[in-house]
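Now for the letters of each chain:
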Amino acid sequence: MVEFGPRERSRGSIARQTLIKMAVRIAIVIVLITAAAYFHIVSSVQEQVLGQLEKYVVERGQREQGIFALAEDNHAIMKRAITERLQALGDADPQEEFARLFVTCDDGVTRNRPELYDGTKQAGVYIDESLAIDADVRRRVLVFHELCTRFGPAWRSRFQDTYISAPEGIMVLYWPEIPDWCQEATTELDIPSEQYSWVADKKHNPRRESAWTGLFFDHVAKVWMVSCETPVDIDGRHVATIGHDITLTELFDRAITDHLPGAYNVIFRGDGHLIACPEHVENIGTRRGDFKVQESGDDHLKRIFRLVSRKADDEIVVENAEHDEYLAVAPIEELDWYFVTVFPKSIVSDVAFGASRFVLLLGFCSLLVELAILFLILRKHVAAPLAEFVHATDQLARGNYDTALCVDRDDELGTLAGSFSRMRDTIRDKLAMLNREIADHRRTEESLRINEERLTFALEATSDALWDWDIITGDVYFSPRYDAMLGYAPGEITRSFEGWRRLLHPDDAQATVRIVREHIERKQPFATEFRMRTKQGGWQWILGRGKVVRTDAYGRPTRAAGTHVDIQGRKLAEHEREELISALEAQNAELERFAYTISHELKTPLITIKGYLGMLKEDLAGNDLLRAEDDMARVDNAADRIDVLLSDLLELSRVGRLINPPEDVRLDDLLRDVLEMVAGARAKCKAEITVAGNLPVVFGDKVRLQEVFENLIENAIKYMGDQPEPRIEIDALEDGGEVVCRVRDNGMGIDPCYHDKVFGLFDKLDQQTEGAGAGLAIVKRIVEVHGGRIWVESEGQGQGSVFAFSLPCRCAAASGADALQEALGPRSGLNLAGDRNGA
């Protein structure tokens with residue numbers, strides 16, 4: 001056996017050197033992959049955290065802002081009630097009621113009578129001792145007291161109190177927690193000088209709208225609050241101010257204690273007054289709310305205020321690089337407040353570091369397992385064969401040529417080749433592992449790309465179109481939504497200010513361009529409505545907003561940006577609302593005329609009944625039975641007249657109510673049934689009635705349409721006059737999507753000056769005929785409910801008449817079946833008092 005000398009043994013084994021080199025290389029790869037994973041995790045977590053942070057602060061801002069919007073809605077209700085009550089009182093002087101409820105105290109102030117006052121259920125009253133109490137003051141105080149007592153408890157769940165003040169020195173307050181506020185207020189109270197009073201006067205509030213006070217501390221209630229004040233003017237005179245006090249104690253608690261893990265919240269006003277901050281709670285209380293960020297000496301807080309004050313309007317999350325944090329901002333616009341969530345970046349890096357540390361630990365564990373496996377393989381299949389090979393080469397180096405290696409032998413070379421093959425296989429396994437990691441990395445990149453595409457799609461799916469105008473070059477960038485909003489393909493609209501101007505409606509172009517240029521020159525935000533031409537040639541209503549976002553060294557605007565919002569639906573809704581108002585006004589006018597007609601028609605028979613009842617009493621007293629019978633006959637006739645009138649009114653009230661669902665009606669079948677109904681009247685008159693053949697199909701309530709033809713045929717028979725050969729002709733034809741039906745007679749005829757009057761309620765041209773004169777009014781109502789119209793044609797007396805009306809034909813009514821169903825429903829007809837069962 002050949003022994004190795006010290007020089008040979010000190011060289012070390014190839015297996016050990018290979019293991020060390022491979023371990024170092026794999027460790028470097030693991031560290032690089034871990035670093036890449038760390039930065040990727042930081043980026044992903046940062047994007048997710050910022051999205052969640054933005055959503056969180058927007059929801060918080062909306063939640064805090066909701067109470068302020070509710071206050072203004074309450075005031076609108078109260079303002080309407082005050083105006084209506086004061087106008088209803090007129091010039092009345094409720095002196096007795098005022099004296100019953102209120103009394104002038106020893107200090108000259110007028111307050112509630114103690115024996116009648118319960119501050120937990122009623123509103124307290126304070127009238128300044130210097131105010132002369134006249135009828136006007138008494139009216140207002142009683143109205144204020146009534147409304148505060150009524151509305152105050154209903155609004156108590158969301159607001160500390162409800163009160164109404166007057167600029168002359170009147171305060172009416174419902175505050176159950178402080179029931180004696182008005183009783184304890186001294187003569188030193190100067191209501192006109194208080195902020196909650198002068199904030200609503202004409203000097204400080206010329207626009208006469210709801211306004212908010214600044215933050216103040218109520219020394220009686222011992223709470224911080226702000227007030228919403230709404231002025232009430234009647235005939236240009238400021239008669240009252242409606243107020244709500246909103247406590248900020250709960251807002252303070254939520255701002256300090258309710259926050260994201262690791263973050264904290266800050267609230268400050270636009271002018272720098274600090275409202276809530278966990279580090280300055282004591283300072284805010286000591287300074288009684290007059291604690292400004294600029295005077296705090298806190299550089300960190302000042303930095304937050306500067307960044308929030310200078311941020312863009314559409315920017316929600318701002319980065320504070322100096323303090324390594326993010327600032328999420330939600331403005332509370334009614335109070336000019338900013339709700340800010342301070343979110344340290346370390347939260348994101350800590351999450352990423354923990355995930356990366358796990359990746360690194362897992363990599364090194366994998367490395368140790370791989371090295372152990374590799375060591376066993378090298379020792380068995382590489383180290384032993386190489387030792388034999390080294391032994392042979394050493395013998396050869398020492399000159400021992402007896403030991404020779406045959407290069408043609410398959411065993412040693414095969415062993416060496418096999419070792420290299422196994423090494424190659426091992427390297428291949430490592431490369432496969434790396435390739436899998438690279439594939440995972442590529443899948444991650446693909447996921448990021450897909451997320452970016454989804455974000456792009458989300459922006460394109462919103463209703464707002466973005467624009468960015470380079471004022472110097474005139475070029476304008478429009479988001480894809482801009483083209484889609486007007487029906488154009490991407491890039492089809494010229495990207496310039498002039499291209500935008502050419503799309504404006506001619507009636508809007510001059511005013512819109514002037515508004516935009518004036519606001520740009522003044523560097524003021526603007527919002528204006530205008531119409532733009534669509535690709536189809538129509539006009540689309542747009543709400544345009546924008547502002548200057550960049551100026552040059554001389555303060556001249558160089559860039560503006562904003563949005564276009566599609567408001568076509570809102571404009572259509574406004575137009576429909578105006579049409580509905582007009583329709584309601586017309587219906588009210590019709591009801592007034594209807595009530596007047598009823599009153600007039602019923603008055604005559606009632607007067608007759610009353611007169612003959614008096615005569616009947618006298619005749620019975622004189623035992624004149626013959627005249628008494630005549631009186632009773634006349635009373636009976638008048639009662640029959642009233643019965644006829646009421647029957648016609650009930651029939652008119654049924655018009656528009658659904659007897660049967662709307663359906664396709666064959667006029668041939670319908671007229672066959674109607675002619676059977678009027679057979680008696682027809683035989684009495686001996687009238688010849690002819691009906692045209694192949695009549696069209698209409699869409700409507702079959703029972704009501706029978707009433708129409710029955711009334712018109714009976715009307716033609718009734719007014720035949722002395723015609724020796726009475727004749728009635730009925731036909732119908734389709735004309736432009738509707739069916740025009742005609743009932744022609746050769747009777748008395750109608751003077752053209754009475755053509756419109758014949759359809760009036762109780763208007764009879766011949767007072768000697770039977771009936772109350774409601775038949776044609778009923779016919780007109782039924783036709784109009786079906787969406788048609790009715791008219792009469794006649795050349796005058798003795799020339800006969802033609803009553804014509806239109807109805808929707810079957811094809812035109814198919815798409816309007818639901819609308820007709822609603823039109824024929826209970827709401828479309830008159831609903832007379834007493835007709836409660838739909839009879």
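Residues numbered from 1 in each chain as written. Predicted model: local features only at pLDDT ≥ 70, side-chain atom pairs only at ≥ 80, totals over all residues. Heavy atoms only, no water.

Visitor: Now, about the overall build of the chain: what can you tell me, with residues and values included?
Guide: Looking only at helices and strands, the chain has 22 helices and 26 strands in total. Total accessible area computed for the chain in this model is approximately 46600 Å², and 53% of it derives from carbon and sulfur atoms. (Helix = DSSP H or I, 4+ residues; strand = E, 2+ residues; numbered from the N terminus. Areas by Shrake-Rupley, 256 points an atom, 1.4 Å probe, with all protein chains shown as cover.)

Visitor: Tell me about the environment of Ile316, and name the residues and values.
Guide: Here Ile316 is to be found in the loop between helix 9 (299–310) and strand 12 (317–320). By relative accessible area, which is 22% here, Ile316 ends up partly exposed. Considering only alpha carbons, one finds Ile316 and Lys55, 261 residues apart in sequence, at a separation of 9.4 Å. When near neighbours in sequence (up to four residues on either side) are disregarded, Ile316 contacts Glu54, Val57, Val58, Leu327, Ala328 and Val329. (Buried < 20%, exposed > 50% of the residue type's maximum accessible area, 1.4 Å probe, protein only. Contact = heavy atoms within 4.5 Å.)

Visitor: Help me get a handle on the sheet that holds strand 26 (residues 801–808), residues and values and all.
Guide: Read from one edge to the other, the open sheet built from five strands follows the order 21-23-24-26-25, with strand pairing classed as mixed. Since the sheet does not close on itself, it has two edges, and those belong to strand 21 (688–691) and strand 25 (790–793), each with one partner. Looking at each pair of strands side by side, their axes are set apart by 20° on average, direction ignored. Two strands pair when backbone bridges link them, and strand 23 (residues 727–735) and strand 24 (residues 738–745) are joined in this way by eight bridges, in the antiparallel orientation. Within strand 24, the position partnered with Leu733 by the bridge is Val740. Its contacts with the sheet put helix 17 (residues 667–677) on strand 21, strand 23 and strand 24, and the angle it makes with strand 21 is roughly 165°. (Pairing = 2+ DSSP bridges. Axes fitted to C-alpha atoms, helices over the stretch in contact; angles between N-to-C directions.)

Visitor: An account of unusual backbone geometry is requested, with residue identities and associated values reported.
Guide: A negative phi angle characterises most non-glycine residues, just as the trans form characterises most peptide bonds. Backbone geometry places Arg208, a non-glycine residue, at a positive phi of 55°. Within the chain, Lys686 stands out as a residue other than glycine whose phi angle is a positive 60°.

Visitor: Describe a nonpolar patch on the surface, listing the residues and the values that go with them.
Guide: A grouping of Ile20, Val24, Ile28 and Leu32 is seen on the molecular surface, where their side chains present a nonpolar patch of about 390 Å² in accessible area. Looking at the element boundaries, Leu32 is found in helix 2 (residues 14–89). (Patch = residues over 30% accessible without salt bridge, like charges linked within 9 Å, V, L, I, M, F, W, Y side chains within 5 Å. Salt bridge = Lys/Arg side-chain N within 4 Å of Asp/Glu carboxyl O.)

Visitor: Could you give an account of helix 20 (residues 775–785), with specific residues and numbers?
Guide: Counting buried residues along helix 20, eight of its eleven residues qualify, which places the element largely inside the surrounding structure. If you check which residues of helix 20 are buried, you get Leu776, Ala777, Ile778, Val779, Arg781, Ile782, Val783 and Val785.

Visitor: Go over the confidence of the model for the chain with me, naming the residues and quoting the values.
Guide: A low pLDDT score tells you not to read the predicted coordinates there in detail. Looking at the chain, pLDDT values average 77 and 75% of them are 70 or higher. Within the model, pLDDT remains below 50 along residues 1–11, and this stretch shows twelve contacts once partners closer than five positions in the same chain are excluded. Taken as a whole, residues 417–424 scores under 50 in pLDDT and shows six contacts with residues more than four places along the chain or in a different chain. (pLDDT = per-residue confidence, 0-100.)

Visitor: For the side chain of Ser806, give the residues involved together with the corresponding values.
Guide: Structurally, the position occupied by Ser806 is in strand 26. Owing to a relative accessible area of 1%, Ser806 belongs among the buried residues under this scheme. Among residues more than four places away in sequence, those in contact with Ser806 are Glu738, Val739, Val740, Val783, Gly788, Arg789 and Trp791.

Visitor: Just give me the short version of the sheet that holds strand 16 (residues 476–478), but keep the residues and values in it.
Guide: Spatial strand order, 16-15-19-18-17: five strands in an open sheet with antiparallel pairing. Every other strand in the sheet has two partners, leaving strand 16 and strand 17 (526–533) as the edge strands with one partner each. Sheet twist, expressed as the mean angle between neighbouring strand axes with direction ignored, is 25°. As paired strands, strand 15 (residues 464–470) and strand 19 (residues 557–566) are joined by seven bridges and run antiparallel to one another.

Visitor: Account for the pattern of salt bridges, naming residues and giving values.
Guide: For the structure on display, the rule yields 35 salt bridges. Note that Arg100 and Glu97 form a salt bridge whose closest N and O atoms lie 2.8 Å from each other. Note that Arg100 and Glu97 are positioned in helix 3 (residues 95–101) at a spacing of three residues, about one turn of the helix. A residue is classified by how much of its surface remains accessible, and Arg100, at 45% relative accessible area, is partly exposed. When its relative accessible area of 34% is taken as the criterion, Glu97 is described as partly exposed. In this structure, Arg111 and Asp107 form a salt bridge, with 3.0 Å as the shortest nitrogen-oxygen distance. Judged by its relative accessible area of 6%, Arg111 is buried. Using a relative accessible area of 33% as the deciding quantity, one classes Asp107 as partly exposed. Where salt bridges share partners, they join Asp136, Arg139, Arg140, Glu168 and Arg237 into one cluster.

Visitor: Which residues make up the packing of aromatic side chains, and what values go with them?
Guide: Applying the stated criterion to the full structure yields eleven aromatic pairs. Measuring from ring centre to ring centre gives 5.9 Å for Tyr163 and Tyr196, while their planes differ by 70°; the resulting arrangement is edge-to-face. Here Tyr163, found in strand 4 (residues 161–166), pairs with Tyr196, found in helix 6 (residues 195–198); they are 33 residues apart in sequence, far enough to count as distant. Of the two residues, Tyr163 and Tyr196, neither departs from the other in class, the shared state being buried. A network of ring pairs unites the aromatic residues Trp469, Phe497, Trp500 and Phe530 as a single cluster. (Phe/Tyr/Trp six-rings, centres within 6.5 Å; stacked < 30°, edge-to-face > 60°.)

Visitor: Can you explain helix 19 (residues 702–718)? Please cite residues and give values.
Guide: When the terminal C-alpha atoms of helix 19 are compared, their 24 Å separation across 17 residues agrees well with the 24 Å that a helix rising 1.5 Å per residue should span. Those residues of helix 19 that sit buried are Arg704, Leu705, Gln706, Glu707, Val708, Phe709, Leu712, Ile713, Asn715, Ala716 and Ile717. (Expected span 1.5 Å × (residues − 1).)

Visitor: Please give an account of the packing of helix 19 against helix 20 that cites residues and values.
Guide: Where helix 19 meets helix 20, the axes come as close as 9 Å, and the angle between the chain directions of the two elements is 145°. The handedness of the crossing between helix 19 and helix 20 is left-handed. On the side of helix 19, the interface is formed by Arg704, Glu707, Val708, Asn711, Leu712 and Asn715, while helix 20 contributes Gly775, Leu776, Ile778, Val779, Ile782 and Val783. In terms of residue class, the contact of helix 19 with helix 20 is made up of seven nonpolar, three polar and two charged. (Left-handed = near helix turned anticlockwise from the far one by under 90°. Nonpolar A, V, L, I, M, F, W, Y, C, P; charged D, E, K, R; others polar.)

Visitor: Account for the pairing of strand 10 (residues 264–269), naming residues and giving values.
Guide: Both faces of the sheet carry side chains from a regular strand, because those side chains alternate between them. Strand 10 sits mainly inside the fold: five of its six residues count as buried. As paired strands, strand 10 and strand 11 (residues 274–276) are joined by two bridges and run antiparallel to one another. In the strand pairing of strand 11, Ile267 is matched with Ala276. Remark: four residues form the turn of the hairpin made by strand 10 and strand 11, two consecutive strands paired antiparallel; Gly272 in that turn has positive phi of roughly 105°.

Visitor: I'd like to hear about the packing of helix 17 against helix 19, residue by residue, with values.
Guide: Two elements in contact, helix 17 and helix 19, have axes separated by 9 Å at closest approach and are oriented at 55°. With respect to each other, helix 17 and helix 19 are oriented oblique. Classified by chirality, the crossing of helix 19 by helix 17 is right-handed. Contacts between helix 17 and helix 19 involve Leu667, Leu670, Leu671, Asp673, Val674, Leu675 and Met677 from the former and Lys702, Leu705, Gln706, Phe709, Glu710 and Ile713 from the latter. Among the residues forming the contact of helix 17 with helix 19, the class breakdown is nine nonpolar, one polar and three charged. (Parallel < 35°, antiparallel > 145°, perpendicular 65-115°, else oblique.)

Visitor: A description of the state of the cysteines should follow, citing residues and the corresponding values.
Guide: Throughout the structure, instances matching the rule amount to zero disulfides. The cysteine Cys148 is free of any disulfide, with Cys182 supplying the nearest cysteine sulfur at 9.4 Å. Taking relative accessible area as the criterion, Cys148 reaches 0% and is therefore assigned buried. (Disulfide = S-S within 2.5 Å.)

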